[in-house]
Amino acid sequence: MSGDDHGGAAAESGESLRSVLVALAANTTIATAKGVAALMTGSSALFAETLHTVADAGNEVLLFVAIRRSDKPEDASHPFGYGPERYFWALLAAIGMFVIGGAVSVWEGVSTLLHPVELEAFWVGVTILVLSIVLDGISRAVAVRNLRAQAERRGLSVREMLRETADPTITTVYLEDTVDVLGALIALAALVLHRVTGSSIPDAIATLLIGALLGYVAYRLARRNRDLLSNQAVPERYVDQLRERLRAQAGLESVERLDAVYLGPGDVLVAADVVLTPGLSTDDVAARIADIRAEVRREVPVIRRLSLTPVPRDGDDGGLVSR
């Protein structure tokens, strides 16, 4: 683990907030336009997309709350800070996407299969969906740029960053915007097929596809936030880097065990059992531990708490210090 790999926490929080605000502005505008178009055309796919975008706009509000609350400084009631707040609110956003966007869209698709509707105001629907694709594409471009910036700071690919980032807001916005574009394309294709064939079956199938897509993304986001809420470990390569950094400290002979878990997007809790150089007095042990802790935290500022426990080396009688 290095300062560069997990550094720039404040900058990344700002990038996440910017992505959320851009997505909120885009989704609020799009949801209104899609709702009007859905009423005028009678398209179930457009209705599903309206629900989808409403859910996304609500999610952005939750993510905004998540960022604001998780950035609060530590206090007596939260000595490790408020980092997990971001995971809690992001989990609520995933649940909202599943219920409002996924489940209701599937229900609407089934209803359209059972009770077909006539298509009206075709060109209004096409215009709104094309506009949606453009606006969602712009929002997605902002999310991708921020995601790539964070990935480059860690020396990762975008795919690796999505898989292991401890910041659920940037991941949620990116996946939402990606699904927004895909959903609008599916709805547009369904609208055209409905017009050409005169059948509402393509519309219904598209609605079911949109609902299933939203359900999958919501499940993926919920699972990731569950992992982070349950004290997920920091990726092993960062743990190895931190172990080597500790071993390089003067007065420290070896690291017997090291555990590191996320407290929040930019906060890590580290606990290690270490073997110190033999012959140190009790005062020397305390001073050396304090110096090592201060030095490592200075080099890796995302470590909120570093606990170092001196242990005897294998084969020793348990004495850690000279008498």
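## Some details on the pattern of salt bridges
Moving on, step 1. Tallied over the full model, the rule gives 15 salt bridges.
Moving on, step 2. Put simply, D240 and R243 hold a salt bridge, and the shortest N to O gap is 3.0 Å. Pair noted here: D240 and R243 are both in helix α8 (residues 236-247), with a separation of three residues, about one helical turn.
Moving on, step 3. Relative accessible area serves as the criterion here: at 34%, D240 is assigned to the partly exposed category.
Moving on, step 4. R298 serves as the salt-bridge partner of E295, at 2.8 Å between the closest nitrogen and oxygen. Taken together, the residues E295 and R298, both in helix α9 (residues 282-299) and three residues apart, mark about one turn of the helix.
Moving on, step 5. Connected through shared salt-bridge partners, R245, E295, R298 and E299 make up one network.

## Focus on the packing of aromatic side chains
Moving on, step 1. Tallying each qualifying case throughout the model produces two aromatic pairs.
Moving on, step 2. Relative to W89, the ring of F88 lies with its centre 5.4 Å away and its plane at 80°, an arrangement referred to as edge-to-face.
Moving on, step 3. With a relative accessible area of 39%, F88 lands in the partly exposed category.
Moving on, step 4. In this structure, K72 is placed above the aromatic ring of Y82, and the distance from its NZ or CZ to the ring centre is 4.3 Å.
Moving on, step 5. Against the face of Y238 rests R237, its NZ or CZ located 4.9 Å from the ring centre.

## Quick notes on the packing of helix α2 (residues 44-70) against helix α3 (residues 84-114)
Moving on, step 1. Look at α2 against α3: their axes get within 8 Å of each other, and the N-to-C directions meet at 175°. The orientation of α2 relative to α3 falls into the category roughly antiparallel.
Moving on, step 2. Its residues assigned to classes, the contact of α2 with α3 comprises 16 nonpolar, eight polar and five charged.

## Here's the deal with the side chain of E49
Moving on, step 1. One can find E49 in helix α2.
Moving on, step 2. Classification of E49 by relative accessible area gives buried; the value is 0%.
Moving on, step 3. For E49, the side chain forms a polar contact with the side chain of K34, separated by 2.7 Å.
Moving on, step 4. Each residue touching E49, except ones within four places of it in the same chain, is listed here: K34, D180, G183, A184, A187 and I210.

## Details of unusual backbone geometry
Moving on, step 1. Positioned with a positive phi, A121 is a non-glycine residue whose angle comes to about 45°.
Moving on, step 2. Along the polypeptide, A121 turns up in the loop between α3 and α4 (122-154).
Moving on, step 3. A positive phi angle is found at N231, which is not glycine, with a value near 60°.
Moving on, step 4. By the element assignment, N231 lies in the loop between α7 (201-229) and α8.

The rules behind each value
Residues numbered from 1 in each chain as written. Predicted model: local features only at pLDDT ≥ 70, side-chain atom pairs only at ≥ 80, totals over all residues. Heavy atoms only, no water. Salt bridge = Lys/Arg side-chain N within 4 Å of Asp/Glu carboxyl O. Helix = DSSP H or I, 4+ residues; strand = E, 2+ residues; numbered from the N terminus. Buried < 20%, exposed > 50% of the residue type's maximum accessible area, 1.4 Å probe, protein only. Phe/Tyr/Trp six-rings, centres within 6.5 Å; stacked < 30°, edge-to-face > 60°. Lys NZ or Arg CZ within 6 Å of the ring centre and 35° of its normal. Axes fitted to C-alpha atoms, helices over the stretch in contact; angles between N-to-C directions. Parallel < 35°, antiparallel > 145°, perpendicular 65-115°, else oblique. Nonpolar A, V, L, I, M, F, W, Y, C, P; charged D, E, K, R; others polar. Polar contact = N/O pair within 3.5 Å; in protein donor to acceptor, adjacent residues only side chain to side chain. Contact = heavy atoms within 4.5 Å.

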